[in-house]
Amino acid sequence: MGNSIFDLSGRTALITGSSRGLGLAIAEGLADAGARIILNGVSETRLAAAAETLRGKSHDVQTARFDVTDETAVTEAFTRFDAEDTAIDILVNNAGIQFRKPMLDLETADWQRVIDTNLTSAFVIGREAAKRMAKRGHGKIINIGSLTSELARATVAPYTVAKGGIKMLTKAMAAEWGELGIQTNAIGPGYMVTDMNEALLSNPDFDAWVKARTPMRRWGQPDELAGTAVYLASNASNYVSGQIIYIDGGMISVL
Ligand code: GCO
């Protein structure tokens, strides 16, 4: 990559929820651009397997096992980073869950769990990372939104609300942290081939709907987010903040 404006050599990226799916694909893309990677998840087994996958490509990979909804665990993780002199230059707030149920039948506890995981964790981890980025005068925060940051789909209300909140949290972070040298943006994936979407992918009617509704007539692949993640993590985006970029095959742009 050399001295490209997309070169991430010498930078460390923490990607939450990165033992599989979109998070792992983003981590791999950032590693391919030269970043040192810290993978995060709650399963030691999955984290170890994911780390081995990236180390198989000679990437510099560490793991940090903590539950993003456990604020004590989050602050302890950052305390460990401080003790190890690990500067988080790039934070990707990717961790998220899905819970599909009509609101009339939805328990408040299930609503809260999705909000806590998909939105509040991004604030908490973003705050901890930004405190340290501010001391260094620079940092990149990439929040993972969704098409549901803009449009609602029936039966996924807490996810939709959380992802709508991610869009506005990204703008709020940009508003407060721009003067600290931190750029904060979001990526809005479309319908991607992931474990979280297995129930949709295996539903012929839903699969047909996605393909008909998407101008590119197909689902997205997780690695198709990597280029935008590298762009938003690199010097190429040093005057970009508060934006959300949709990687959705054109879906959100058409009726
Ligand atoms: C759903 C899906 C979506 C996608 C993605 C779309 O149930 O509709 O899980 O939420 O995962 O977020 O952008």
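Residues numbered from 1 in each chain as written. Predicted model: local features only at pLDDT ≥ 70, side-chain atom pairs only at ≥ 80, totals over all residues. Heavy atoms only, no water.

Novice: Would you explain the packing of aromatic side chains in this entry?
Specialist: For any pair of aromatic rings, the description consists of the separation of the ring centres together with the inter-plane angle of the planes. What the rule picks out here adds up to six aromatic pairs. Pairing tyrosine 191 with tryptophan 209 gives two aromatic rings, centres 5.8 Å apart and planes at 85°, and the pair type is edge-to-face. Here tryptophan 209 lies in helix H7 (residues 204-213) and tyrosine 191 lies in the loop between strand E6 (182-189) and helix H6 (198-201), a separation of 18 residues in the sequence. Members of the aromatic cluster, connected to one another through ring pairs, are Tyr191, Phe206, Trp209 and Trp219. (Phe/Tyr/Trp six-rings, centres within 6.5 Å; stacked < 30°, edge-to-face > 60°. Helix = DSSP H or I, 4+ residues; strand = E, 2+ residues; numbered from the N terminus.)

Novice: What's the story with the environment of alanine 208 in this structure? I'm lost.
Specialist: With respect to the helices and strands, the residue alanine 208 is situated in helix H7. Considered as a pair, alanine 208 and valine 42 are 166 residues apart in the sequence and their alpha carbons are 34 Å apart.

Novice: Before we go on, may I ask you to explain unusual backbone geometry in this structure?
Specialist: Most peptide bonds take the trans form, and the phi angle of most residues other than glycine is negative. Phi angles above zero are rare outside glycine, and aspartate 85 is one such case at about 55°. One can find aspartate 85 in the loop between helix H3 (71-83) and strand E4 (90-93). Note on aspartate 85: relative accessible area 72%, which makes it exposed. Located in the positive-phi region is threonine 155, a residue other than glycine, with phi close to 85°. In this structure, threonine 155 sits in the loop between strand E5 (139-144) and helix H5 (157-177). (Buried < 20%, exposed > 50% of the residue type's maximum accessible area, 1.4 Å probe, protein only.)

Novice: It is not clear to me how the site of the ligand should be interpreted in this structure. Could you clarify?
Specialist: With respect to spatial proximity, 13 residues lie near the ligand, and among them Arg100, Ser146, Arg153, Pro189 and Tyr191 are the closest. Summarising the interface, the protein chains cover 97% of the accessible area of the ligand, which totals 330 Å² for the free molecule. Cavity membership is defined here by more than half of the atoms lying within 2 Å of grid points; on that basis the ligand lies in the largest pocket. Across the shell around the ligand, the residue classes tally to seven nonpolar, four polar and two charged. (Near = heavy atom within 4 Å. Areas by Shrake-Rupley, 256 points an atom, 1.4 Å probe, with all protein chains shown as cover. 1 Å grid on protein atoms, 1.4 Å probe; cavity = no way out; pocket = protein on both sides within 12 Å on 5 of 7 lines; lining within 4 Å. Sits in = over half its atoms within 2 Å of the grid points. Nonpolar A, V, L, I, M, F, W, Y, C, P; charged D, E, K, R; others polar.)

Novice: How should the sheet that holds strand E1 (residues 12-15) be read in this particular structure?
Specialist: For sheets, the rule is that strands pair by backbone hydrogen bonds, running either parallel or antiparallel. Pairing is parallel in the open sheet, where seven strands are placed in the order E3-E2-E1-E4-E5-E6-E7. Every interior strand has two partners, whereas the edge strands, strand E3 (61-65) and strand E7 (244-247), have only one. The mean inter-strand angle of the sheet, taken between neighbouring strand axes irrespective of direction, is 20°. Note that E1 and E4 share three bridges and pair parallel. Its bridge partner being in E4, isoleucine 15 is matched across the sheet by valine 92. The strands touched by helix H1 (residues 21-32) are E1, strand E2 (36-41), E4, E5 and E6; relative to E2, the strand with the most contacts, the crossing angle is about 170°. (Pairing = 2+ DSSP bridges. Axes fitted to C-alpha atoms, helices over the stretch in contact; angles between N-to-C directions. Contact = heavy atoms within 4.5 Å.)

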